[in-house]
Every structure is written in structure tokens, then in C-alpha cells.
Amino acid sequence: MTKPRHFHVAGTPVPLVDGLEKVTGRARYTADLTTDDALVGRILRAPRGHARIIRIDTSRAKALEGVRAVVTGADCAQSYGVIPIAMNEYPMARDVLRYRGEPLAAVAAIDAKTAQAALDLIELTLEDLPAVYTAKEARAPDAVQLHPDKQGNLEREVHHSFGDPEAGMAKADLVRDEVFSCAEVNHAQMEPHAALADYDPERGHLTFHSVSQVPFYVHLTLARCLGMEAAQIRVVQPFIGGGFGARTETLNFEIITALLARAAGGKVMMHLTREESFLTHRGRPQTDVALKIGMTDKGKITAVKCEVVMAGGAYAGYGLVTILYAGALLHGIYDIENVKYDGYRVYTNLPPCGAMRGHGTVDVRHAFECLLDRMAHELGLDPFAVRRANLLRAPTFTPNDLMVNSYGLGACLDKVETASNWYNRKGKLPPGRGLGMACSHYVSGAAKPVHWTGEPHAVVSMKLDFDASITVLTGAADIGQGSSTIVAVAAADILSVDMSRIRVIAGDSALTPKDNGSYSSRVTFMVGNAAIEAARALRQKLVLAAAKKLESLPEDIVCEGETFSVKGSAQSMLSFQEVALAALAEEGTITVKGTFTTPIKAQGGKHRGGAVGSTMGFSYGAQVVEVTVDIATGLIRIDKVWAALDCGFAINPLAVEGQIEGSVWMGMGQALSEETRFVNGLAVHANLLDYRVPTMVESPDIEVHIVETIDPLGPFGAKEAGEGALSGFPPALVNAVADAIGLEANFLPMTPDRVLEALIKQRRAAKRKVAS
Amino acid sequence: MKRIVSLNINGKPVEDAIADNLLLIEYLRETRRLTGTKQGCDGGECGACTVLINGRPRLACITLASTCDGAKIETIEGQGEGGRLSALQRAFHENLGTQCGFCTPGMIMASEGLLRQNPDPDDAEIKAALGGNICRCTGYVKIIKSVRAAAQQSAGAA
């Protein structure tokens, strides 16, 4: 052996470990698992917004040649839902249907044509009920009630008060309040939903592939709804074409596909269309935020009062978590002593909302950062100065007991202020051009999972065998964010081996340890920590074997670049293979595991709902957006974005950049053009032309600045990087538009028609002012 | 009705009886099992199914396979030689022009079509050529970077 080669370590950019499959087309997504023996599944969806189901007659469909199974709500009487206390959904409606597009029945047939023909033969007898499509309609005193146990259509109300909000307001030099209205948005992940279920009636086993971000929750829900033992089910995760929260709970079509497979006694492939993927929804709800802030004339926030109303759609889903997040994450970004929060999550006759990137925080952060800017303007303060007047000092706990161990918001502000040349350009750009800024933050994993079992939050196993290769087993769902790559990097770094020695096997309940899934930006933090612990355990075994072989003490063994040597003596050096075989000689194939458990102190306050928002560490972000606004057309062009994010430590800077760019851009979509639209409950946005995701043409350059604060609990000091930057964009945009044309907009998205209308209103108001 | 259609798919001549109403994407994915070409929408909305027909980027989801008689069709599976990556594939891999990867085959094929017409495109030309290909992960920043990198690499190699 010569000198140790240079090996990859955490902190250097690395392409995705599964990137080769993606660029060559070899990556198999669920819909690519084509097999000739699979039946084709199709779903019959509700043609009304709200109706009593009198009868669903499937006899003609069942009689059609080539039809192998027909199921309806009668075939599954077991409700499900992501939150144990709010399971009020059935895979197919029973008794009452509550939104247009809700599954009512499903068919498995020998081909798509037959399946479609069978759907057309199903006869529905429905009795229309009044429907409510907005939060206002749903909250009206005489409104029809969607769920018998939820009076006033209130899924959950939250009332939190910390400090003394009244006294705080009284101390303020300036108090302002505004109402912001943010449209509902959808994840629009590129891969339409799909599932493949294979039921073996002889064994009574189900093998299930789907697009889920949470294969573990899918596993539990399938067992629950099919009345099977979890041991009879295997959930395998193929490549996943994005998630962004759309797939963080078990979805109705997944259970339906499994029900069909069992009924048919075979294999069923279900491809949802893009329209059906939109109808499955689980997006960010339409949200109204009434916000009041008190501030001293130096810009210090003295109190905040916030009332949030979310139109959540027809079923609970993640709803109560969303409404809790919205209040909890008023904290954790700035130093605010006095906070009052009132949240109302309301049922409506629309597709159910759920979790979406930046879950619960985006619309509230939008309102907050917009109002902060306007108050700064009124007080003659710079927007950066107002943020700096309210910074936290880590380590600390917020009034609602959120733990803050590392805090790089100040550094983020410095970065984007300098990079955008803010001082020399703000307020000095030509007419129609403007600069705006805002801050944001997000959790690095929920400290308490929704399905609480008491187990560690993450487990990673590693196997070292005769070939001296290392197999890493993780249940973490790689949905494109690069979780498998992070796990590989962690193992390579700790073991000081080449990445090519490591294989990551992810997401197969028969092989990999359970993982809660890819949501709340938990994977890098929790699974990363578990991978580090597993790699350390393996390294310890190798060091012991090397010490024995080199007749030295374990503490004197240097493990570097796939070699083992005794400190200070370079002559006797063993290769990785030699040490691996020596270690195997002791005990055979070596398997180790690492776990991660969140510390109790990270698990939030004792108040009701206090666990939501609690995390091991927050990411912090600041961004500056430069715009050009055409006042003749209302069209906004984004010229440039400068985004800084404190991600603790960038384990893979390439992926961190990609995550920040992607989340800023997704915030841009919500801010500029994305919204779901319904006419009498009928989705009229359910395709990628009417649901306007930004194309490359209107997408700006995004300059990313990574800030590292080395969080004491994070893996290598890392925190989350995939969500925190999103919520900074919409307010930075609205603030930039205010700078450009003086329009203070309280709505999202800033579509040209809305901008023009607001401009006309503003001109009329100005005229009236002059006239009076 | 079916008709006999001659195609050249990724350099391989194929003759097949193809139904008049069969879409090219169905033919590629289901008949030929070339599942690298993706369907991301209900027809002509997202660009994920982009393939090259006679060297030009086309949407396989709104093209009837039977209209491709005599055509040269290239898909993601035909890129690169001898198991090695094409310049664009390598650039997308190394620059993280792909995250979830679902739009990637279409994105690479549209980029391939662009670079054959215009080996040294500027950012505006890249945006115009790929404006019909939606990506939901990257914000496009690293996709543009990947296309530029591939163009530079090809220029260096030439």
C-alpha cells in the first residue's frame, strides 16, 4: 500500500448516488413497473360536491367480460387518516360523498378500455346536499355540516397565548394590522400518482409498490383498511418522481389499488391521470391571515396577534397539524415575547388539503414579513434593520418552548444584503423596478412523529461482508432530495472509504429498517445521525480487528483513506480489505445499526398542540428579490434572487444548493401564478396548463449563499435545507413590488389580472383622497 | 385498424403492426418497454415525454405512433455509447440537473435536440428551447447550467 488516496468527506459536493439511473432512463418509477399479467385499475369519482349516496349499482360493471373486480365504499368500512385522532376518511365514500372527484368505486379489468367501459356501467343514485366551497360559507350559521361530530365545520380551533399580548401592544409606538389572503396551491410533483398491488391469495400476502413519501404509514394503513396483519404486507418503494408533501400520508388510490388486487386475487396497476393527481390534492389550503403587530419606533416587535382561517377541504388529513404549525412557527425566527394566536381549520366540499413544502408556515410567514416591511417603511427604518432589531440569541427556548441551538439568521441577512448591493440600489432603481427582502425558517424534522410508538425516530443498518463492500439499509424514502446520497456520504466519511464501496438499499419493508418517511425535513437530521452512529459502530469493529492484527491498542489505530495503521508508524499499514476480512474472521458477516432519538427537551411545550413545531434545529433564511413590473399589463418579471440559508452544515453542498434553488422557485410559483380554482366544486385547474407552474422562460437566476452554524445536535452539524427558503420568496416578492410601483398587495398569487385590478383600486382611492 | 410501420428506434430498425390510435408514448413504453420516456400529464402539458423524431424534439404523448412511418426515433435509452453517458447525461448528473429525475429524460432529449441545432446556445436560447419542459424540483438553475456545461464540453471535444 502506498499513501492513502483522497476520499470523499462530508462537506464536498457529490452527485446523487442514484443519478446515473435518472439520466439514463434506467430508473424505474412505479408506472414503469409494467408487467403483462397486471390488471388495469380505474376509479369512479364523485360527480357532485356533496351528496347522500342512495345506491351504487355495480352489477352491470361486474358482468362485463374482462372485469376481474369491482369495489365500492361497502368493501372498506375502516376509516383512515394520518393523525390517529382524526381518521375520518374512507378510501371510497360511504353514505355521503363530500367533494367532486372523491372516489366512489373502482374497477380492475384486463385492459384500460374494459376498465373504462366498466366504470361507465356503474349506476349512481345520489341525493344532492347543499355544499360549502369557501371557509366563509362553511362557517356561516346555517351552513350544512360535513361531518356529524364537527359543529360549524370546524375541524380544529387553536387558541394560544404567550407572554402578555395586550401589554405588549400597549407598549408599541406603532401598531398595524392587515388581512392577507393566499390562494390554495398544489404540489404538482412531476410524477402522476401510481400504485402497483400484488395479492397472493394462497399465501394471503400483499406486495405493494407506490409513489409514497411515507411507505411505513402506507404499510400501517393498508393493514388497517384491509384488515390484514402488517406481517402479511410488503411495501417497496421504487424511484419517486417528487413529493413536496403530496405523498406524506396514505392516499385513497393506494388503498383502493390494494383492495382491487385482493378482490381480483392478483396484480393491479393503477395509474392516475394528471387530473386525478390534482384531485387527490393534499395541497396548501386557501388561507386568510389577519395579523396585527406592535413595534417600537426602533423596530423592536412588542407583540403579535394572528388569526388564521384555513379552508381545508372535505377530510381531516394533516389539517390539525397545519393549523398548529401556523401558530407555532410565529415563534422560533425572531425574539418575540408576546404572541396571541387563534387558528381555525374549516371543512369545505373540496378535495382535502394536506402538507406541502413549508407545511403550515408559508402563508403566515408571508403576512408577517409583508407587514414587517410596511411598518419599517412607516417608521423610516430599513427592512434589514427591523429584522436585526428582533434577532434571537442562541441557545435559547422560545416562549412556546421551541429549542433553538444554532441561529444563523443574522449571517443570512449580511450575505444577501451585501450580495444584492442593497444599500446602493434599494429605492434607487428606475421606475417599475424594485427590491424586496424577507426572512424565513423551518424545522429539521418534527421532534414528535404523528405516529408515536416510542421507538427511535430513525434506524439505519449496515452490513459488511466477505467482499469488503458495505451495504447501507435505510427505510428513508428518497423522493429526489438525495437522502440515499446523504446516508452514503455519512458512511463514507465516518469509515473513510470510497463511495464506490458503499451500496444504499432504501425503502423495502422486507429488507430495510422502518423509517417514518420523508416529511418535515427530518431525513438528513434523523437518518443522517443514525447513519453516522451505525458507521461509527462498524468502524469500531474494524479498529479492534486492526489493533489485534497490528498488535496495538485500538486508540492508537488511525483509520484513513481505506487504510489502517498505528499512530506514528506508517510502515505497518493494512488495507481496508485486510482489516475487513480480519474482522469477519471473528464473527462472520458483520451487521451493525445506528439509531436517532430526539432529546426530550426538543419535543416542545406542554400546552395542547405544543409538540407541533418542535424540532432539533431550525434552518434560517433571508432572501432579496429584484423585480420589474409592467404597470400597463400587471406582469411581474423576476430579475434575480439572492438567497441565503443557514443549514447548519452542508453535508453535500451541491444538493443543498439544489434544494435552496428549488424551494425558492416553488415559492415563486405560489407567489406569481399558481392557484387551484373551482367552479361549484369542479376543479378547473386540474392540468399543467391551467395550473400555472413557472416554466424556464419566466424563472430567474437564483444566487445561493450557504451559511453554516454547526448545530450541536445535527449530523456533522447539519440542519434542514429543503424547505426553509420557500416561505421567504412570496413576501420578498410582494415587498419588491411595493418598492417598484408602490402597490401594497395583500393577496397571492400576484397574477397580472389581480395586480392590474389592485392598481386601478389604488388609483381610484388616491383620486378620492385628492377630491375629498 | 393496424398498419405496418417501419421505424428506427435508437439506431435499431423495427417493423411493427401498429394500431392507428396508438400514441407513440404507449408504443414506446408498453410495446417496446422503453420506460425511460415518461408521462407527466394528460397530453402536451409538461414535456416529460420528449423524444427526438428525425432529430427534432417532439412530444410522444400527442404523437400517433403510426404517423412515424420511416422516422428515426431517439429516446433517453439510446443516448451515450457503449454504456457510457452522453455529454448531456454526464452534465445533468454532475451538475445536479436532475433531482427526482422524472422530467430528466424529456429534459435531456429536448436539450439534445437544441444542441444539435445550436451547439453553443446562450441562456435565452436554452430557455426558449426548454420552455415546454416543466421541472418541479430544480428551479431550472442547474438544468441551464447542465446544458451549458454539455455544450462547452462538446465544443472542447470537437
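Below is a summary of the structure that appears in this document.

What counts as what
Residues numbered from 1 in each chain as written. Chains lettered and ligands numbered in written order. Predicted model: local features only at pLDDT ≥ 70, side-chain atom pairs only at ≥ 80, totals over all residues. Heavy atoms only, no water. Pairing = 2+ DSSP bridges. Helix = DSSP H or I, 4+ residues; strand = E, 2+ residues; numbered from the N terminus. Axes fitted to C-alpha atoms, helices over the stretch in contact; angles between N-to-C directions. Patch = residues over 30% accessible without salt bridge, like charges linked within 9 Å, V, L, I, M, F, W, Y side chains within 5 Å. Areas by Shrake-Rupley, 256 points an atom, 1.4 Å probe, with all protein chains shown as cover. Salt bridge = Lys/Arg side-chain N within 4 Å of Asp/Glu carboxyl O. Lys, Arg positive; Asp, Glu negative; His and termini not counted. Charge placed at Lys NZ, Arg CZ, Asp CG, Glu CD. Buried < 20%, exposed > 50% of the residue type's maximum accessible area, 1.4 Å probe, protein only. Contact = heavy atoms within 4.5 Å. Buried area = accessible area lost by both parts, 1.4 Å probe. Polar contact = N/O pair within 3.5 Å; in protein donor to acceptor, adjacent residues only side chain to side chain.

What follows covers the sheet that holds strand E18 (residues 433–443) of chain A. Residues and elements named next belong to chain A. The strand order across the open sheet built from four strands is E18-E26-E27-E30, with neighbouring strands paired in mixed fashion. Here the strands that pair on one side only, and so sit at the sheet edges, are E18 and strand E30 (701–707). Each strand axis lies, on average, 20° off the axis of its neighbour in the sheet, ignoring direction. Pairing analysis gives seven bridges linking strand E27 (residues 635–646) to E30, with the strands arranged parallel. Bridged to leucine 645 within E30 is isoleucine 706.

This brings us to the environment of glutamine 151 of chain A. Inspection of the secondary structure assignment puts glutamine 151 of chain A in the loop between helix H4 (135–139) and strand E7 (154–162). For the pair glutamine 151 of chain A and arginine 139 of chain A, spaced 12 residues apart in the sequence, the C-alpha separation amounts to 9.4 Å.

Glancing now at a positive patch on the surface. Residue and element names in this part refer to chain A. Side chains of Arg763, Arg764, Lys767 and Arg768 sit close together on the surface and give a patch of like positive charge. Positionally, lysine 767 belongs in helix H19 (residues 752–771). Given the relative accessible area of 64%, lysine 767 is considered exposed.

The next subject is the pattern of salt bridges. Residue and element names in this part refer to chain A. Counted according to the given criterion, the structure contains 48 salt bridges over all chains. Among the ionic pairs, lysine 719 bridges to aspartate 646, the shortest N-O distance being 2.8 Å. In this pair, lysine 719 sits in the loop between E30 and helix H18 (729–741) while aspartate 646 sits in strand E27, placing the two residues 73 residues apart along the sequence. Of the two residues, lysine 719 and aspartate 646, neither departs from the other in class, the shared state being buried.

This brings us to the pairing of strand E1 (residues 2–9) of chain B. Residues and elements named next belong to chain B. Note: E1 against strand E2 (residues 12–19), eight bridges, orientation antiparallel. Looking at the pairing, leucine 7 lines up with valine 14 of E2. The loop that links E1 with its antiparallel partner E2 comprises two residues; one of these, asparagine 10, has a positive phi angle of about 50°. Pairing between E1 and strand E5 (residues 72–74): two bridges, direction parallel. Each residue of the ladder has a partner; that of asparagine 8, found in E5, is lysine 72.

Take the interface of chain B and chain A next. Many analyses report the size of an interface as the accessible area lost when the parts associate. Listed per partner, the contact involves 45 residues of chain B and 55 residues of chain A. Around 4,000 Å² of area is buried between chain B and chain A when both sides are counted, 60% of it from carbon and sulfur atoms. Connecting chain B to chain A are six salt bridges. We note a salt bridge from arginine 136 of chain B to glutamate 674 of chain A, for which the minimum N-O separation is 2.7 Å. Viewed at the interface, chain A and chain B are joined by 22 residue pairs in polar contact (both at pLDDT 80 or more).

Note that all results are geometric; they support no functional claim without further evidence.
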